[in-house]
Amino acid sequence: MDNVKIMDHPLIQHKISMLRDKNTGTNEFRTLVEEIATLMGFEALRDLPLEDVEIETPIETCMTPMIAGKKLAVVPILRAGLGMVEGITNLVPTAKIGHIGLYRDPETHEPHEYYCKLPDPIDQRTILVVDPMLATGGSASEALGFIKQHGGKKIKFMCIIAAPEGLERLKKDHPDVQIYVGHLDRELNSDAYICPGLGDAGDRIFGTK
Ligand code: PRP
Ligand code: URA
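Residues numbered from 1 in each chain as written. Chains lettered and ligands numbered in written order. Predicted model: local features only at pLDDT ≥ 70, side-chain atom pairs only at ≥ 80, totals over all residues. Heavy atoms only, no water.

Caption draft 1: Spotlight on the packing of helix α4 (residues 138-149) against helix α5 (residues 164-173). Across the interface, α4 lies against α5 with an axial gap of 9 Å and an inter-helix angle of 20 degrees. By the criterion of interaxial angle, the relationship of α4 to α5 is roughly parallel. For the pair α4 and α5, the sense of crossing is right-handed. Between α4 and α5, the residues in contact are Gly-138, Ala-140, Ser-141 and Leu-144 and Arg-169, Leu-170 and Asp-173, respectively. (Axes fitted to C-alpha atoms, helices over the stretch in contact; angles between N-to-C directions. Helix = DSSP H or I, 4+ residues; strand = E, 2+ residues; numbered from the N terminus. Parallel < 35°, antiparallel > 145°, perpendicular 65-115°, else oblique. Left-handed = near helix turned anticlockwise from the far one by under 90°. Contact = heavy atoms within 4.5 Å.)

Caption draft 2: Representation of the site of ligand 1 within the structure. Surrounding ligand 1, one finds 15 residues, the nearest of these being Arg-104, Asp-131, Thr-136, Gly-137 and Ser-139. One of the side-chain nitrogen or oxygen atoms of Arg-104 is found 2.7 Å away from an oxygen atom of ligand 1. A distance of 2.6 Å separates an oxygen atom of ligand 1 from a polar side-chain atom of Ser-139. Considering ligand 1 on its own, with 500 Å² of exposed area, one finds that the protein chains cover 91% of that surface. Mapping ligand 1 onto the cavity grids shows that it belongs to the largest pocket. Residue assignment for the shell around ligand 1 shows that the elements contributing at least two residues are β6 (99-104), β9 (133-134) and α4. Of the residues that constitute the shell around ligand 1, the class distribution is 6 nonpolar, 5 polar and 4 charged. (Near = heavy atom within 4 Å. Polar contact = N/O pair within 3.5 Å; in protein donor to acceptor, adjacent residues only side chain to side chain. Areas by Shrake-Rupley, 256 points an atom, 1.4 Å probe, with all protein chains shown as cover. 1 Å grid on protein atoms, 1.4 Å probe; cavity = no way out; pocket = protein on both sides within 12 Å on 5 of 7 lines; lining within 4 Å. Sits in = over half its atoms within 2 Å of the grid points. Nonpolar A, V, L, I, M, F, W, Y, C, P; charged D, E, K, R; others polar.)

Function cannot be inferred from these measures alone, as they are strictly geometric.
Encoded structure:
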């Protein structure tokens, strides 16, 4: 079974096109990243566990399904992944949030870890790792490795734009992780930027350069 789901919803595609536009400013960019995370989260969380609870309707008492408590952890890869967190907690306000800090060396494109703090215990939770960009796949692969070392078992990865190179790497390194991709782009350029992509997601979310 393929562990990759590429989104085809027109609302997601429309909003990704707006993100790509170099004239989209920081404020709108942030809003779009959050909205796309919510729309993708709807799909990525379709197997969240439910439990039947007793509810009294105006007519009668019934047993009816609700999301089982304390089951989700959202883990953004810093910095850019932070932009997607609220999009998910809008859907599941009880989710715990972990953080993994990684940056890509501009010369070697290798990821370097500078921070890792995860909800404890993590092993019983569905863990949704979020990062808008999957380029070489180095950062995501490393992040998923850390989470597994900390005991994470049921892990999903969600990105807005992926390059074929990064997607292949992630599938190979972590065949057990379900991957959700907003749009699969053409290729990486010689600086390991995604083409056509949207530029540097962190800089566009935080207004840095
Ligand atoms: C970007 C992006 C990913 C990574 C993807 O982060 O948000 O984490 O690059 O590239 P890769 O697949 O080749 O590893 P960056 O390192 O620029 O850090 P930032 O989020 O702090 O800007
Ligand atoms: N990181 C980004 O933010 N954009 C890319 O195109 C590649 C890595």
